[in-house]
Amino acid sequence: MRGGRFKIGRLKHAQAWAAVSDQPENDVVHTPPRIFNAPACHSAELRIWVLELSTWVLMDSHNNVSIEAAPFINFSASSLISTSLVALVGALLLAKVVQKMRLKLPPGPFAWPIVGNFLQLRTGLTPQTLAAVAKKYGDVCLLQMGQRKVLVISSPAMAKEVLQTQGVEFGSRARNLVFDMTTGHGQDFVFADYGEHWRKMRRIATVPFFTNKVVQQSRLAWEQEIGQAISEITAMPESTTSGIIIRDRLQLMMYNIMYHMMFRRRFSGLDDPLYVQLMKHNRDNHHLAQSFKYNYGDFVPSFKPFLRGYLKDVWAANQRRLVFLRDAFLNERRKQTGQKIGVDFFLDAHLKGEISESSVLYLVQNMNVAAIDTTLWSTEWGVAELVNNPRIQRKIIDELDNVLGKGVPLTEPDLPRLPYLQAMVKEILRVHMVVPLLLPHMNLEAAKLAGYDIPAGCRVLVNAWGIANDPRYWDKLEEFNPDRFLDNNVELNGNDFRFIPFGSGRRSCPGSIIALPLLGLVLGKLLQAFEILPPPGDNKVDLSSVGSQLGLTIAKRSRVVMKPRGM
Ligand code: HEM
């Protein structure tokens, strides 16, 4: 009887969660996942959880739990239960040994039942922690995070193997349970599995965004937008006294640059009502999706029910943002005519039946994070390093004056003639890599790597930051020093695997063609206009960082003084 109840409870639980993960993609602006309507029943959840602990032993090599385990609960006498548990633990150990004997898995720390290495690494899979793990277990190592296997890659040779040589095999994306919800199971571009849909998305987005022609067509608008930001910063009285939080104005500038490329839209200022709404949606979504708070439910699916409220919030925030993007931007654009611009390529593809409207929305959503946040965070790190290194500011200014002439405004075509400015951009991306583990890759099928067996469905993290900060490949790591790039011929084209802040191969960042000139232009133009200084009473900007699911950002909203040159 009890066994039967448990079995039903467990099945209900499984079905409810299947409901969350099987939401059809056209749910984008429609009904919430069914689980959120289900009545809460914590005691049942707890019982299910206990049952799942005992069924863990029957997981197969892909960690699927067999429902056949349920009859174990039929035993009523406590002695029988404890005997069963001992037998289970024995069976568990035996199963592990057999599995290990069958497969040659990469080395890794001892994994505890159920939680694996989660307790050892519960503060998050940061690049620093993973670099330490690699030091102990090697450049290819395997972590068991709850029921998810995480493959950590920590050398240029192995990165090349995963990203380039076996780029197809490892070319899918691992989505966690939140990204699964927010991308409609990979209906977007960034988190799509490797295959037909991803190829379509990449092709559709390339023409309006990722070519040299687009850069040439857009650069005047970028230069104007940067000029506008500089004028407004100059006009702020506190920029020369107590200092300003430059992030806010740079963020508006980045949004204007990308929203111009996508929609030919410009926000008039930080208090533009549309901008205020957009910021709120993006902030809400960022906090929920990028937090480490939900890792436990992602790694140990049995814990998912405890995330019911959290996932409901994620779902609701994401729906609100998608509806807002559709109504305020896509539908507005549909009413306009004239020259074809960025988003029209997505809309046309939808009209031709190539992609769904949801995919258009997800693509727009991708751009907010993949394009704007990354470039903004890198610029912010750059400004902070400029404040802390007046010698580097001086060198960049000298280069600009010598190459262009004093007072001649920097433009995009000048950038190749400014090696030191370019070296500065590289050093920012090396030391403060904003996507330090790249985006998680995944092998859909079982694979072989460096003689090891790699089970299907591994989350593959390439520690690009770890490699770019590894004393085996770089000298004097403790120094922030752009000079290192002047004579080492390390290029940012993805072919030198010591330095891959944009990844490499099929899933590499297509946006580097935009991000690199933008970073050079913004930093160069700011320096032509201002001497950038710490606020009164400080002599440095605090460089502490804060990690999130995918990114690494500067933790504090520091003030900086922007003193116009010649003052
Ligand atoms: C400093 C700025 C940027 C950095 C550091 C950066 C970094 C990255 C990284 C590391 C990846 C994943 C590579 C991999 O997993 O192998 C990526 C993917 C991507 N980035 Fe960027 N990115 C930046 C700017 C941009 C911009 C400006 C855009 C668009 C205009 C963009 C669009 C994308 C897209 C669409 C993908 C997904 C590609 C795919 O999955 O096929 N990124 N980026």
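Conventions used here
Residues numbered from 1 in each chain as written. Predicted model: local features only at pLDDT ≥ 70, side-chain atom pairs only at ≥ 80, totals over all residues. Helix = DSSP H or I, 4+ residues; strand = E, 2+ residues; numbered from the N terminus. Contact = placed C-beta atoms within 7 Å. Expected span 1.5 Å × (residues − 1). Buried ≥ 20, exposed ≤ 12 C-beta atoms within 10 Å, placed from the backbone. Near = placed C-beta within 6 Å. Nonpolar A, V, L, I, M, F, W, Y, C, P; charged D, E, K, R; others polar. UniProt positions renumbered as here; feature names shortened; annotations may be inferred. Pairing = 2+ DSSP bridges. Arc of directions from axis to C-beta. Axes fitted to C-alpha atoms, helices over the stretch in contact; angles between N-to-C directions. Parallel < 35°, antiparallel > 145°, perpendicular 65-115°, else oblique. Left-handed = near helix turned anticlockwise from the far one by under 90°. Core = buried A, V, L, I, M, F, W, Y, C linked by C-beta atoms within 7 Å.

1. Observations regarding the overall build of the chain
When helices and strands are counted, the chain shows 18 helices and 11 strands. Partitioning the contacts of the chain with sequence separation of at least 6, the portion at a separation of at least 24 is 72%.

2. Quick notes on helix α16 (residues 419–431)
The periodicity of an α-helix, 3.6 residues per turn, causes residues three or four positions apart to be oriented the same way. Helix length check: α16, at 13 residues, gives a terminal C-alpha distance of 18 Å against a target of 18 Å (1.5 Å per residue), a fit within 8%. Among all positions in α16, only Leu421, Gln422, Ala423, Met424, Val425, Lys426, Glu427, Ile428, Leu429 and Arg430 are buried. Where α16 is buried, its residues meet α14 (357–388), α15 (390–404), α17 (464–468) and α18 (512–529).

3. Overview of the site of the ligand
Taken together, 25 residues sit near the ligand, with Ala371, Thr374, Gly503, Cys509 and Gly511 positioned nearest. Broken down by secondary-structure element, the contributors of at least two residues to the shell around the ligand are α7 (196–209), α14 and α18. Of the residues contributing to the shell around the ligand, the split by class is 16 nonpolar, seven polar and two charged.

4. Observations concerning the UniProt feature "binding site: heme" (unreviewed entry) in the chain
As recorded in UniProt, the sites labelled "binding site: heme" (unreviewed entry) are Cys509. Apart from residues lying up to four places away in sequence, Cys509 is in contact with Phe502 and Gly503.

5. What about the environment of Gly342?
One can find Gly342 in helix α13 (residues 342–351). Classification of Gly342 by C-beta neighbours within 10 Å gives buried; the count is 24. Separated by 134 residues in the primary sequence, Gly342 and Pro208 have C-alpha atoms spaced 4.9 Å apart.

6. Things to note about the pairing of strand β1 (residues 140–145)
Along β1, six of the six residues are buried, which leaves the element largely enclosed by surrounding structure. Judged by which residues are buried, β1 turns out to be covered on both faces: Val140, Leu142 and Gln144 on one side and Cys141, Leu143 and Met145 on the other are all buried. Note: β1 against strand β2 (residues 148–153), six bridges, orientation antiparallel. Bridging from a neighbouring strand, Cys141 pairs with Val152 of β2.

7. Details of α15
The terminal C-alpha atoms of α15, which comprises 15 residues, lie 21 Å apart, in line with the 21 Å expected from a rise of 1.5 Å per residue. Residues of α15 that are buried include every one of Ile392, Gln393, Ile396, Glu399 and Leu400, and no others. Viewed end-on, α15 has its buried residues packed into an arc of 130 degrees, placing them on one side of the element. Turned more than 90 degrees off the buried face of α15, the exposed positions are Arg391, Arg394, Asp398 and Asn402.

8. Observations regarding unusual backbone geometry
It is generally the case that most residues other than glycine have a negative phi and that most peptide bonds are trans. Backbone geometry places His185, a non-glycine residue, at a positive phi of 60 degrees. Along the polypeptide, His185 turns up in the loop between α6 (177–182) and α7. Within the chain, Arg264 stands out as a residue other than glycine whose phi angle is a positive 55 degrees. Within the secondary structure, Arg264 is located in the loop between α9 (246–263) and α10 (273–290). Residue classification places Arg264 among the partly exposed positions, given that 16 C-beta atoms sit within 10 Å.

9. Some points on the sheet that holds β2
What the five strands build is an open sheet, ordered β1-β2-β7-β4-β3; its pairing is mixed. Two strands lie at the open edges of the sheet, namely β1 and β3 (172–173), each paired on one side alone. Two strands pair when backbone bridges link them, and β3 and strand β4 (residues 441–442) are joined in this way by two bridges, in the antiparallel orientation. Bridged to Arg173 within β4 is His441. Packed onto the sheet, helix α5 (residues 156–165) meets β1, β2, β4 and β7 (459–462) and runs at close to 130 degrees relative to β7.

10. Topic: the packing of α16 against α18
Close contact between α16 and α18 brings their axes to 10 Å; oriented N to C, the two are set at 110 degrees. Here α18 runs roughly perpendicular to α16, going by the angle between their axes. The hand of the α16/α18 crossing is right-handed. Residues Leu421, Gln422, Met424 and Val425 of α16 touch α18, and the partners they reach there are Leu516, Leu519, Gly520, Leu523 and Gly524. Residues of the contact of α16 with α18, tallied by class, amount to six nonpolar, three polar and no charged.

11. Notes on the nonpolar core
Residues Val152, Ile153 and Val462 are the most contacted members of the largest nonpolar core, which totals 133 residues. The greatest single-element share of this core, amounting to 15 residues, is contributed by α14. With residues up to four places along the chain from it excluded, the contact list for Val152 reads Leu130, Val133, Ala134, Cys141, Leu143, Leu461 and Asn463.

12. Points about the environment of Leu325
Within the secondary structure, Leu325 is located in helix α12 (residues 308–335). Here Leu325 falls in the partly exposed class, since 19 other C-beta atoms lie within 10 Å of it. For the pair Leu325 and Tyr362, spaced 37 residues apart in sequence, the C-alpha to C-alpha distance is 9.7 Å. Beyond its immediate stretch of four places on either side in the chain, Leu325 contacts Leu330, Leu361, Val364 and Gln365.

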